[in-house]
Amino acid sequence: MGEIVNLKQAKKRQARAQATAEAAANRVKHGRTAAEKANDRRAEARRQALLDGARQEPEACAEDG
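The notes below deal with the structure included here. Here, residues in each chain are numbered from 1, in the same order as that chain's written sequence. The model is predicted, so local features are restricted to residues of pLDDT at least 70 and side-chain atom pairs to those at 80 or more, both for listing and for counting; the totals for chains, interfaces and linings are taken over all residues. The basis for the side-chain values is all heavy atoms of the structure; hydrogens and waters are excluded.

**Concerning the environment of L7**
With respect to the helices and strands, L7 occurs in helix 1 (residues 7-30). A residue is classified by how much of its surface remains accessible, and L7, at 58% relative accessible area, is exposed. Sequence separation between L7 and G31 is 24 residues; the distance between their C-alpha atoms is 34 Å. Helix numbering and strand numbering both begin at the N terminus, where a helix is a DSSP run of H or I of at least 4 residues and a strand a DSSP run of E of at least 2. For the exposure calls, accessible area comes from a 1.4 Å probe over protein chains only, and a residue counts as buried if that area is under 20% of its type's maximum, exposed if over 50%, partly exposed in between.

**Section: helix 1**
The terminal C-alpha atoms of helix 1 lie 34 Å apart, and with 24 residues this matches the ideal 34 Å at 1.5 Å per residue to within 8%. Its side-chain oxygen at 3.1 Å from the backbone nitrogen of K8, N6 defines the N-terminal cap of helix 1. How far a helix is expected to stretch is found by multiplying one less than its residue total by 1.5 Å. The definition of a polar contact used here is a pair of N or O atoms within 3.5 Å, where within protein one atom must be able to donate a hydrogen and the other to accept one, and adjacent residues in sequence count solely through side-chain atom pairs.

Okay, structure coming up:
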């Protein structure tokens, strides 16, 4: 004979497992800590400062003289 299963509990257990799997997928897709985001912003600002420091202004044409 088979095991008696409470269908309400089985459905709740299945929904909970599906929600857990979906949450894990969303964490992988969207999840970054505030520290990681701040670190990326600092790195981008540092990169922009380096590029701005190396930027050369266009020289005035010698022909205008």
